Amino acid sequence: MRLPILALSLSILAAPVMAQCGGSWSGFLSGIRSDIRAAGLSAAQADAFLNGARQDPKVLRADRAQGVFRKDFLQFSSAVISQNRLTNGARNAKRYKSTFDRIERDYGVSRGVLLAFWALETDFGQVQGDFNTRNALLTLAHDCRRPELFRPQVIAAAKLYQRGDFDPQREKGAWAGEIGQVQMLPDDILRNGVDGDGDGHVRLKTSAPDALMSGAKMLHDLGWRKGEPWMQEIVLPATLDWSKTGLNTQASTADWARMGVRARSGRLAQGLPGSVLLPMGRKGPAFMVYPNFRVLFEWNKSFVYVTSAAYFATRLEGAPRLDPGHPDAGLSSAQMSALQQKLTARGYDVGKVDGILGAKTRPAVQSEQKRLGLPADGWPTQALLNAL
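Residues numbered from 1 in each chain as written. Predicted model: local features only at pLDDT ≥ 70, side-chain atom pairs only at ≥ 80, totals over all residues. Heavy atoms only, no water.

Named according to an unreviewed UniProt entry, the chain is Lytic murein transglycosylase originating from Thioclava arctica.

Next comes the structure, spelled out in structure tokens:
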């Protein structure tokens, strides 16, 4: 459920297991076959599922080349949110109105959110990926970077095959094994797949109702709160304590209002906790984000992707185009890597030093900004890098 333009994270999985990886391909397949048999498939089914399986070097190349996340929020959102997608979103909202009505009744997930992910994942089903799904999953399970994430997905794909909803020879999707119009991993489909069109099967590639209903059930099960917003654009006072911004700080909307925060249009949601999100610092766009926004990180862990998708969802539901502001120039990828190295040396956990301003790097930046007497808005600049 996280490609073609994302595959940085693969959550929503079974609990991690200690999994074998590497070694000879034949030996690896022998171990996988044993796991498949232990999962309840017959010997004939296990053999049929693995027949012709091969490693795909293109999958490994894709796994190691994810430069899209080095774009900042304004760059990324401008690239993925177009007038054409807004128009097609409105068209699909009308075409599948009965499906979205069912989704909002049964799962409480707003149609704008599903339309946004549908668009960003596969351009409303038009670009679903052309990697053989079984081979992609096997390749990544054999690779020793993240076998605990991918080996369970191989077994889940075998279970889908057992029930007639997966063709190991012909099933194609994203390089990381996601399938269908909203890009769900096999384990996601097993646990959250919904027969939205009533044909007795869950076919996420060819059935938009199946895909949308399944995505909605998944978000619902992850904690989506019915009838609540996820994001709205806000206007901030120049006197705001910037150290209170960011996802690590929550306050009631009443408290934020007392600090001078107001909605750009309409009113702040009443009675909800919220965080002030500044994806490009205090001089750039500003959003109030609510509990439902945090659920979206279970879809994808990329900060810029989730923020763009959430903003796109508000546009699809009638919000005006954001005020981009005039953010300070950010850091290049090389500069960001240098900053992450400096933060790591100071004891911060920024995750992998990869030149990407991610969810772990931002709070570290904010802490150092505060220590150094800089505006603590979580947006790293050359001034911060120089000060460190």
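After that view of the structure, there is still more to cover.
Peer 1: Would you explain the overall build of the chain in this entry?
Peer 2: Helices and strands together make up the secondary structure of the chain, namely 17 helices and 7 strands. Scaling as 2.2 N^0.38, a compact globule of 388 residues should have a C-alpha radius of gyration of about 21 Å, and the chain matches this with 22 Å. When each of the 388 residues of the chain is scored for burial, the buried share is 55%. The contacts in the chain between residues at least 6 apart in sequence include a share of 71% that link residues at least 24 apart. Approximately 16,200 Å² of the chain is accessible, and the part contributed by carbon and sulfur atoms is 50%. The positive charge centre, built from 49 side chains, and the negative charge centre, built from 36, are 3 Å apart in the chain. (Helix = DSSP H or I, 4+ residues; strand = E, 2+ residues; numbered from the N terminus. Rg over C-alpha atoms; globule rule 2.2 N^0.38 Å. Buried < 20%, exposed > 50% of the residue type's maximum accessible area, 1.4 Å probe, protein only. Contact = heavy atoms within 4.5 Å. Areas by Shrake-Rupley, 256 points an atom, 1.4 Å probe, with all protein chains shown as cover. Lys, Arg positive; Asp, Glu negative; His and termini not counted. Charge placed at Lys NZ, Arg CZ, Asp CG, Glu CD.)

Peer 1: Could you clarify how one ought to interpret the layout of surface pockets in this entry?
Peer 2: Put simply, the second largest pocket is a space of about 280 Å³. Considering the residues around the second largest pocket, the lining is formed by 14 residues, among which Met231, Gln232, Glu233, Thr314 and Ala319 are closest to the centre. Elements that contribute at least two residues to the lining of the second largest pocket include exactly strand E3 (231-235) and helix H14 (303-316). Per-element tally for the lining of the second largest pocket: the top contributor is E3, with 3 residues. Counted by class, the lining of the second largest pocket contains 7 nonpolar, 4 polar and 3 charged residues. (1 Å grid on protein atoms, 1.4 Å probe; cavity = no way out; pocket = protein on both sides within 12 Å on 5 of 7 lines; lining within 4 Å. Points joined across faces, edges and corners; volume = space filled by probe spheres on them. Nonpolar A, V, L, I, M, F, W, Y, C, P; charged D, E, K, R; others polar.)

Peer 1: What should I look at first to understand the packing of aromatic side chains in this one?
Peer 2: Here a ring pair, both rings aromatic, is described through the centre-centre distance and the interplanar angle of the planes. Enumeration according to the criterion identifies 13 aromatic pairs in this entry. On the numbers, 6.0 Å between centres and 45° between planes, the contact of phenylalanine 287 with tyrosine 311 is tilted. Here phenylalanine 287 is found in strand E7 (residues 287-289), whereas its partner tyrosine 311 is found in helix H14, with 24 residues between them in sequence. Overall, the relative accessible area of 1% leaves phenylalanine 287 in the buried class. You can call tyrosine 311 buried: its relative accessible area is 5%. Seen in terms of ring centroids, phenylalanine 293 and phenylalanine 297 are 5.4 Å apart; in terms of plane orientation they differ by 85°. Their pairing is edge-to-face. The exposure class of phenylalanine 293 is buried, given its relative accessible area of 0%. Of the residues examined, phenylalanine 297 reaches a relative accessible area of 12% and is grouped as buried. Seen from the ring of phenylalanine 131, lysine 58 lies directly overhead, with NZ or CZ sitting 5.7 Å from the centre. (Phe/Tyr/Trp six-rings, centres within 6.5 Å; stacked < 30°, edge-to-face > 60°. Lys NZ or Arg CZ within 6 Å of the ring centre and 35° of its normal.)

Peer 1: Teacher, can you tell me more about the pattern of salt bridges here?
Peer 2: Oppositely charged side chains may form a pair once their charged atoms are brought near each other. Under the defined criterion, the tally for this structure stands at 25 salt bridges. Aspartate 165 serves as the salt-bridge partner of arginine 163, at 3.3 Å between the closest nitrogen and oxygen. Judged by relative accessible area, aspartate 165 falls into the buried class, the value being 15%. Where aspartate 167 meets arginine 170, a salt bridge forms, and the shortest distance between an N and an O atom there is 3.1 Å. (Salt bridge = Lys/Arg side-chain N within 4 Å of Asp/Glu carboxyl O.)

Peer 1: Help me out: how do you make sense of a positive patch on the surface in this one?
Peer 2: A cluster of like positive charges, contributed by Arg54, Lys58, Arg61 and Lys172, occupies part of the molecular surface. As for its placement among the helices and strands, arginine 54 is situated in the loop between helix H2 (43-50) and helix H3 (57-63). Residue arginine 54 is classed as partly exposed on the basis of its relative accessible area of 46%. (Patch = residues over 30% accessible without salt bridge, like charges linked within 9 Å, V, L, I, M, F, W, Y side chains within 5 Å.)

Peer 1: Whenever I open this one, the pairing of strand E6 (residues 273-277) confuses me. Can you help?
Peer 2: In terms of burial, E6 is largely enclosed, as 4 of its 5 residues are buried. Pairing of E6 with E7 involves 3 bridges; the strand directions are antiparallel. Within the sheet, the bridge partner assigned to valine 276 lies in E7 and is methionine 288. (Pairing = 2+ DSSP bridges.)

Peer 1: What am I meant to see in the pairing of E3 here?
Peer 2: Sheet faces and side chains relate simply in a regular strand, where the side chains alternate between the two faces. Of all 5 residues making up E3, 4 are buried, and the element is well covered by its neighbours. Pairing geometry for E3 and E7, over 3 bridges, is antiparallel. Residue pairing in the sheet places glutamine 232 in a bridge with methionine 288 of E7. Where E3 meets strand E5 (residues 262-263), 2 bridges bridge the pair, whose relative direction is antiparallel. Within E5, the residue paired with valine 235 across the bridge is arginine 262.

Peer 1: Any chance you could explain the packing of helix H5 (residues 83-95) against H14 here in plain terms?
Peer 2: The axes of two packed helices give the description: the angle between them and the distance between them. H14 packs onto H5 with a crossing angle of 60° between their chain directions and a minimal axis gap of 10 Å. As far as their axial angle goes, H14 and H5 are oblique. As H5 packs across H14, the resulting crossing turns out to be right-handed. Residue-level contacts link Arg85, Leu86 and Gly89 of H5 to Phe312, Arg315 and Leu316 of H14. Looking at the contact of H5 with H14, its residues break down into 3 nonpolar, 1 polar and 2 charged. (Axes fitted to C-alpha atoms, helices over the stretch in contact; angles between N-to-C directions. Parallel < 35°, antiparallel > 145°, perpendicular 65-115°, else oblique. Left-handed = near helix turned anticlockwise from the far one by under 90°.)

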